[in-house]
Amino acid sequence: MSYGSVVILLGAPGAGKGTQASLLAKACGCDHVSTGDLLREAVRNQTSLGMRSKAIMDAGQLVPDELVLELVADKLRSGKENTGIILDGFPRTTAQAEFLDKVLGTVATMTIQIAIDESEVVRRLSGRRTCGDCGEIYNVHSSPPSGANCNVCGGKDLIQRPDDREEVIRRRLEVYEEQTAPLVEYYSSRPGFHEVDGSADVDEVARAVREIVGSLEKQETGS
Ligand code: AP5
């Protein structure tokens, strides 16, 4: 199948990849592909992939490449022809990035690194709550729901992820430094690489991301 343009969001846990991917997907009508969400769905549905991944995720480690690649390949195959794709949390290892290069070939790709300090990560992730029904993301410090329920769907369960406990957050940060941070070097020599300041507020980061993505669209349409 052929793909529309692809935006890869890179960044440490808690940098705001999911928040920005969701806003951008709404703004551009693109598919938002989050490997974290796909894996959590597999865990909820108790598929064999989910059962093999749960303990690994809860411990803050990466799920093995072969499992993630199978999941992503299925997801990309089932996407709509020529629709833009926003990748959130994928790739996360050099092997995953090499796989993506092969799948995408010459498709226009942009990589945005959302940069953030470690101390802010811990504060954000320990304050994160996610709606158990629709997946809307909140933060008890910076963006709480307006009442007790989810603003979007009225869901009553605003859940704290098992991997958002402080000791697991610290392990995820170590894993990020060891296995995912090298991807910044992998992509930074390519023309479509950009960095945004992830410590700014959500709207400001979203504006920066949209500006960058707008420049990709202009290149594609030649305007
Ligand atoms: P995944 O779900 O991808 O977790 P992550 O990368 O650690 O990222 P997070 O979801 O924690 O953070 P985020 O950057 O999306 O931030 P968010 O927008 O939510 O993966 C979970 C696990 O699955 C992994 O540990 C691994 O085990 C496995 N996995 C997933 N993909 C894999 C892969 N490719 N290979 C192998 N294993 C894989 O924001 C965080 C909080 O901050 C929220 O509360 C939000 O409201 C708040 N916030 C966001 N932006 C701002 C802002 N600008 N200012 C203030 N608050 C903000």
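Summary of the structure given here. (Residues numbered from 1 in each chain as written. Predicted model: local features only at pLDDT ≥ 70, side-chain atom pairs only at ≥ 80, totals over all residues. Heavy atoms only, no water.)

Before going further, it helps to examine the pairing of strand β1 (residues 6–11). For β1, the tally of buried residues reaches six of six residues, placing the bulk of the element in the interior. Where β1 and strand β3 (residues 85–88) come together, four bridges link them in parallel fashion. Along β3, the bridge assignment pairs V6 with I85. (Buried < 20%, exposed > 50% of the residue type's maximum accessible area, 1.4 Å probe, protein only. Helix = DSSP H or I, 4+ residues; strand = E, 2+ residues; numbered from the N terminus. Pairing = 2+ DSSP bridges.)

By nearness alone, 36 residues border the ligand, and T19, Q61, R92, R128 and R172 come closest of all. Q61 is positioned with one of its backbone polar atoms (N or O) 2.5 Å from an oxygen atom of the ligand. Here a nitrogen atom of the ligand and a side-chain polar atom of S142 are 3.1 Å apart. Protein coverage of the free-state accessible area of the ligand, which is 1,000 Å², stands at 96%. If you list the elements that add at least two residues to the shell around the ligand, you get α1 (17–28), α2 (35–44), α6 (118–127) and β6 (137–139). (Near = heavy atom within 4 Å. Polar contact = N/O pair within 3.5 Å; in protein donor to acceptor, adjacent residues only side chain to side chain. Areas by Shrake-Rupley, 256 points an atom, 1.4 Å probe, with all protein chains shown as cover.)

Turning next to empty space enclosed by the protein. All told, the structure shown has one cavity of 30 Å³ or more when counted by the stated rule. Of the voids in this model, the largest cavity is the one considered here, and its volume is about 30 Å³. In this structure, the largest cavity is lined by Q20, L23, L24, A27, A206, V209 and R210. Those elements giving two or more residues to the lining of the largest cavity turn out to be α1 and α9 (202–221). With four residues, α1 is the largest single contributor of residues to the lining of the largest cavity. Looking at the lining of the largest cavity, its residues break down into five nonpolar, one polar and one charged. (1 Å grid on protein atoms, 1.4 Å probe; cavity = no way out; pocket = protein on both sides within 12 Å on 5 of 7 lines; lining within 4 Å. Points joined across faces, edges and corners; volume = space filled by probe spheres on them. Nonpolar A, V, L, I, M, F, W, Y, C, P; charged D, E, K, R; others polar.)

This part takes up helix α5 (residues 94–104). Here α5 has its buried residues at Q96, A97, F99, L100 and L104. In an axial view of α5, the angular spread of the buried residues amounts to 160°, which keeps them on one side of the axis. The inward-facing, buried residues of α5 abut β1, α4 (65–77), β3, β4 (109–115) and α8 (182–188). Two residues or fewer past α5, G105 is found with a positive phi of approximately 55°. (Arc of directions from axis to C-beta. Contact = heavy atoms within 4.5 Å.)

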